[in-house]
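Commentary on secondary and tertiary structure
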Amino acid sequence: MTRMSEHPGPIAQPVALPDGLKAWIETQGPKVWHTFARGVEFDDPNATIDLLLAAHWIAHQPDMDRATGLLLLARALRAGLHIYAPPAMDDTAARAFCIDLHQRLSLTQSEARLPLMPEDHAAIEALFHAEAPLPLPACALKRGIVPTAFSFHRNRPHLIAASLRRNA
C-alpha cells in the first residue's frame, strides 16, 4: 500500500457540500467557475437542478469570463439541455438556462481572458458556426491552463492537495 507521502502526484479529495453545489460556487471566484465549466457534466443521469442553479448563478456574475460562459453553453448544448434535461433536472429550466446564457453572450462582446485547454477549443468553436443550435459570433480564444486548487469530477469539486513530502 502506498502511503500519502509516497504518492507520485496530486491527491484530490471531495469537498463537503452541506448546503449544495450552488452555495459552494457562490463562495468561489472566476478561476474556480472556469474550472467548473470545464468539468461540468450536464448529461450525467444523476445531474440535479443544483448543478443547473450553480451554472445559472455563474452566468449571472458580472465578472464571469467570456471563455467560462462559452464553455458552459458548449457543454449544455452538447448535453442537449436546449431540448431535454436529465431526470433530476427540469426540462423547462434547462432550456431557459441555454437561451438566457446564449442571450447574455450575444449581447456582450467582452474579451475571453481566461485560457482554454485545446480539447475545449473545438467545442467552443462549434458555437461559431451557423448550423450550431444557438450560434454566436466568433471571438478570440486563448490556449492554456487555469491553475486552481480544485478539480471537478462527476459534478463534484475536489480539493487538489500535493503530497507534503518528497521521497529522496
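The present account deals with the structure reproduced in this document.

Calculation notes
- Residues numbered from 1 in each chain as written.
- Predicted model: local features only at pLDDT ≥ 70, side-chain atom pairs only at ≥ 80, totals over all residues.
- Heavy atoms only, no water.
- Helix = DSSP H or I, 4+ residues; strand = E, 2+ residues; numbered from the N terminus.
- Buried < 20%, exposed > 50% of the residue type's maximum accessible area, 1.4 Å probe, protein only.
- Contact = heavy atoms within 4.5 Å.
- Areas by Shrake-Rupley, 256 points an atom, 1.4 Å probe, with all protein chains shown as cover.
- Salt bridge = Lys/Arg side-chain N within 4 Å of Asp/Glu carboxyl O.
- Phe/Tyr/Trp six-rings, centres within 6.5 Å; stacked < 30°, edge-to-face > 60°.
- Core = buried A, V, L, I, M, F, W, Y, C linked by side-chain atoms within 4.5 Å.
- Axes fitted to C-alpha atoms, helices over the stretch in contact; angles between N-to-C directions.
- Parallel < 35°, antiparallel > 145°, perpendicular 65-115°, else oblique.
- Left-handed = near helix turned anticlockwise from the far one by under 90°.
- Nonpolar A, V, L, I, M, F, W, Y, C, P; charged D, E, K, R; others polar.

Okay, the overall build of the chain next. A count of helical and extended segments in the chain gives six helices and three strands. When each of the 168 residues of the chain is scored for burial, the buried share is 43%. Restricting the contact set of the chain to residue pairs at least 6 apart, pairs at least 24 apart contribute 77%. Surface accessibility of the chain: about 9200 Å² in total, with carbon and sulfur atoms responsible for 57%.

Another point: the pattern of salt bridges. For the structure on display, the rule yields five salt bridges. Ionic pairing is found between Glu 119 and Arg 38, a salt bridge with its closest N-O pair at 2.9 Å. Of the two residues, Glu 119 is situated in helix α6 (residues 118-125) and Arg 38 in helix α2 (residues 30-39); the sequence distance between them amounts to 81 residues. Residue classification places Arg 38 among the partly exposed residues on the basis of a relative accessible area of 27%. One connected set of salt bridges, linked through shared partners, spans Arg 38, Glu 119 and Asp 120.

Here we come to the packing of aromatic side chains. Applying the stated criterion to the full structure yields five aromatic pairs. Their ring planes at 85° and their centres at 5.4 Å tell us that Trp 33 and Trp 57 sit as a pair that is edge-to-face. Here Trp 33 is found in helix α2, whereas its partner Trp 57 is found in helix α3 (residues 49-59), with 24 residues between them in sequence. The burial state of Trp 33 is the same as that of Trp 57; both residues are buried. Arranged with centres 5.9 Å apart and planes meeting at 50°, the rings of Phe 42 and Phe 97 form a pair that is tilted. Of this pair, Phe 42 sits in the loop between α2 and α3 while Phe 97 sits in helix α5 (residues 91-107), placing them 55 residues apart in sequence. Judged by its relative accessible area of 1%, Phe 42 falls in the buried class.

Moving on, we come to the nonpolar core. Of all hydrophobic cores here, the largest spans 46 residues; its most connected members are Ile 25, Phe 36, Phe 42, Leu 72, Leu 81 and Phe 97. Those elements that provide at least two residues to this core are α1 (21-25), α2, α3, α4 (66-78), α5 and β2 (150-153). When residues in this core are grouped by element, the largest group, eight residues, is from α4. When neighbours within four sequence positions are excluded, Leu 81 is seen to be in contact with Phe 42, Leu 52, Ala 76, Pro 86, Met 89, Ala 94, Arg 95 and Cys 98.

Running from amino to carboxyl end, α3 crosses α5 at an angle of 15°, the nearest separation of the two axes being 11 Å. Taken as axis vectors, α3 and α5 run roughly parallel relative to one another. Classified by chirality, the crossing of α5 by α3 is left-handed. Between α3 and α5, the residues in contact are Ile 49, Leu 52, Ala 55, His 56 and Ala 59 and Ala 93, Ala 94, Phe 97, Asp 100, Leu 101 and Arg 104, respectively. Among the residues forming the contact of α3 with α5, the class breakdown is eight nonpolar, one polar and two charged.

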